[in-house]
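Reading the structure
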Amino acid sequence: MKKLVVIGSGIAGLVAAVEASRTHEVVLVTKSVLAESNTHYAQGGIAAVTSTEDSIAEHVADTLAAGADYCYEPAVRVLCEDGPARINDLVNFGVEFDRNPDGTDWALGLEAAHSHARILHAGGDTTGADISNALVRAVRTVAADIHEHTFVSDIVLGSAGQVVGVELIDAAGKHVIECDAVILASGGAGQLYRHTTNPAVTTGDGVAAAFRAGAELADVEFYQFHPTALAVPGSFLISEAVRGEGAVLLNKRGERFMQKLHPLAELAPRDVVARGIQSEMLAQGGQPVLLDATGLGAEFLAKRFPSISAATKAYGLDWGRTPIPVTPAAHYWMGGVATDIFGRTSVPGLFAVGEVACTGAHGANRLASNSLLESIVFSHRAVSVLNESWPKEASAVRFNEQGILAEIELADPSSRTAADGATAVVDRVELQTLMWDNVGLARSGELLSSTRHELARWRPAAAENRLFTDWEDANLLVLATAVTEAALARTESRGGHFRLDYPATNPLMAKPITIVRKAR
Ligand code: SIN
C-alpha cells in the first residue's frame, strides 16, 4: 500500500485522511489537537445549492462577482457543481444541519453577495464545530496513524524533485517520515495580522514549507478582512449571517452608512463592507462602528446565534438590547500554494487543499461560506487522483490560460542569518503590527516599501535553538515578505487588495502574480 501524509486537521485534512484511508496507508499530522483548526470556529456555515429555487449557475455567478473579475472559472464551476454531493458526504459523516421548524427542508441562511439563501448551518452558529466533531469521530474509526502536537518543519524531496517525506518536530525531537505523497491541508495565516478572527495555530506553516520545497505560490496579495469582529481583544467573529438576518451597521451618530456605498448596503461583498467600516472608523477617531441586531429580538438571537450570544454576554454586552462595537479583522487568505483543480501543486507528489491552497476559485475576494465548501470539494478531488501519474502541467494550467502579471523570485527569508545583514530576530507582535498598519485593508507604495525594508532587517532564531513558536515566526517572516512583495507588484486595487495610490481596478491586470523561491 502506498503511504500518504496528510498535514492539518481542519475539514480539508480530516476528509482527506478518512477518504484516502480506503486505498492508502495514512499518517495524519496536526500541530495541536485534532479538533483545533480554523474550521472549528466557523460560524455562518457552508454554501451550496440544495434548494430547487436556487441554481448552480447562480452560485457560480455570485462567486465570480464577489471575486472581483479575477476568479479562475474552471475552479469556480467545480466548486459549485461538486458542492451538493459533498454536502451529502457531510450528512453521511453525521453532520446534522439545521432544519426549518416543520423539519422537512434545511434552514438556509443568507450572507453577503449571495443572490439566494443557500448557507447550510448547524447548531445555529456552531457549524464549524459540528462538522469538525463529526469528522474527528470519523477519522478515529479509520486506520490512520494520528500525530497530534507535531510540527511539520519541511517537505523532503527526492533527487528528481518529487516528494519523498516530511520532516517533523515533536516531543521526541526532529525526525522524518517517508511517504509517496503529501496532502497539505494546514490552513491559512491569520496570525500575520495584529487583529484576526483566526485561532493561534494559523501561522501559514504549510504555505511556507511548500515555498521552501520550491512550490509556486499565487495570489498572496489578496487577504480578506472580515467586516465584523467584536471590537474586544481576541477579535471574536460576529458572523455575516447576523447581517443576513437583518442586522445593520451604524456610525457613532447612530446613522447607517453602507447604503450610500453600495446598493447591497450591509450585504455588499466583504471587501466593500470592511473598507466602508474602516473609513467610517477613521472619520470617528478610530472608534469602532456598531452592529445593531436589536431589531431581531433577544429570543431569536439566542436561538439562531447561541455561541455569539454567549460570547457577547461574556464581554458584558447585551446585543438583544444594545448595538455592539465591531471592527474588521484578518479572516481568510485567498492566496496560497498554487494548485490545479485536483489540488496538485508544481511539486510532484505535493497536494494542497483548503485555505493553504490557491485554486483561483475565490478570485480576489472569497464569497462568504465558500471556504468550508472549497475544503471538502478539493480534498475529495485530490484523493480521487492519488493513484494517477503526475501531470506535467499541474498548477501551470491556470497560468497558461490566464497569463501571469509577474513572477517574483524570492530569496528564502527563513534561511537568513546575521551574515545577510539581518540585524534582529523576528518579533511576532512587531511583525503583526507592521502587517496590520501597512499591508492591511489599505496599502500604498510608500507603506509597502517601508515594510519591505523593515522585514529585511529580521532573521529567524537560530535553527538549533528554536521552539515551536520560533519555527512559526520563521514561517510568518516568509509569508509577510511574500505578501508585501506581491502587494507592491500589483499596482491596482481589486477585491481584498486595495492600494491608496492605485484605487482603480485595471482590467489589464486581471492576471495572477506568482512567487517562487530563488535558487541559492
Ligand atoms: C461568517 O460567519 O461570517 C464567516 C463565514 C465565512 O467566512 O465564510
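As shown above, the structure is provided for reference.
Everything in this summary refers to the structure shown in the same document. (Residues numbered from 1 in each chain as written. Predicted model: local features only at pLDDT ≥ 70, side-chain atom pairs only at ≥ 80, totals over all residues. Heavy atoms only, no water.)

A closer look at the packing of helix α2 (residues 56–66) against helix α3 (residues 73–92)
- The geometry of α2 relative to α3 is characterised by a closest axis approach of 9 Å and an angle of 135° between their N-to-C directions. By the angle between their directions, the pair α2 and α3 is classed as oblique. Judged by the sense of rotation from one axis to the other, the crossing of α2 with α3 is right-handed. Here Ile56, His59, Val60, Thr63 and Leu64 of α2 lie close against α3, whose contacting residues are Glu73, Val76, Arg77, Cys80, Glu81 and Pro84.
- Its residues assigned to classes, the contact of α2 with α3 comprises six nonpolar, two polar and three charged. (Axes fitted to C-alpha atoms, helices over the stretch in contact; angles between N-to-C directions. Helix = DSSP H or I, 4+ residues; strand = E, 2+ residues; numbered from the N terminus. Parallel < 35°, antiparallel > 145°, perpendicular 65-115°, else oblique. Left-handed = near helix turned anticlockwise from the far one by under 90°. Contact = heavy atoms within 4.5 Å. Nonpolar A, V, L, I, M, F, W, Y, C, P; charged D, E, K, R; others polar.)

Things to note about the site of the ligand
- Taken together, Gly44, His226, Ser239, Glu240, Arg270, His331, Arg366, Ala368 and Ser369 form the complete shell of residues around the ligand.
- Here an oxygen atom of the ligand and a side-chain polar atom of His331 are 2.6 Å apart.
- Ser369 places a polar main-chain atom, nitrogen or oxygen, 2.5 Å from an oxygen atom of the ligand.
- Burial of the ligand by the protein amounts to 95% of the accessible area it has alone, namely 260 Å².
- Grouping the constituent residues of the shell around the ligand by class yields one nonpolar, five polar and three charged. (Near = heavy atom within 4 Å. Polar contact = N/O pair within 3.5 Å; in protein donor to acceptor, adjacent residues only side chain to side chain. Areas by Shrake-Rupley, 256 points an atom, 1.4 Å probe, with all protein chains shown as cover.)

Structural notes on the packing of helix α12 (residues 428–438) against helix α13 (residues 445–456)
- Between α12 and α13, the least distance of the axes is 10 Å, while the angle of their chain directions is 165°. The pairing of α12 with α13 is recorded here as roughly antiparallel in orientation. Both α12 and α13 take part in a crossing whose hand is left-handed. Mapping the contact onto sequence places Leu431, Leu434, Asp437 and Asn438 in α12 and Leu447, Leu448, Ser450, Thr451, Glu454 and Leu455 in α13.
- The class makeup of the residues in the contact of α12 with α13 is five nonpolar, three polar and two charged.

Section: the pairing of strand β12 (residues 223–230)
- In terms of burial, β12 is a largely internal element, eight of the eight residues being buried.
- Relative to strand β15 (residues 324–333), β12 runs antiparallel, the two sharing six bridges. Looking across to β15, one finds that Leu230 is bridged to Val326. (Buried < 20%, exposed > 50% of the residue type's maximum accessible area, 1.4 Å probe, protein only. Pairing = 2+ DSSP bridges.)

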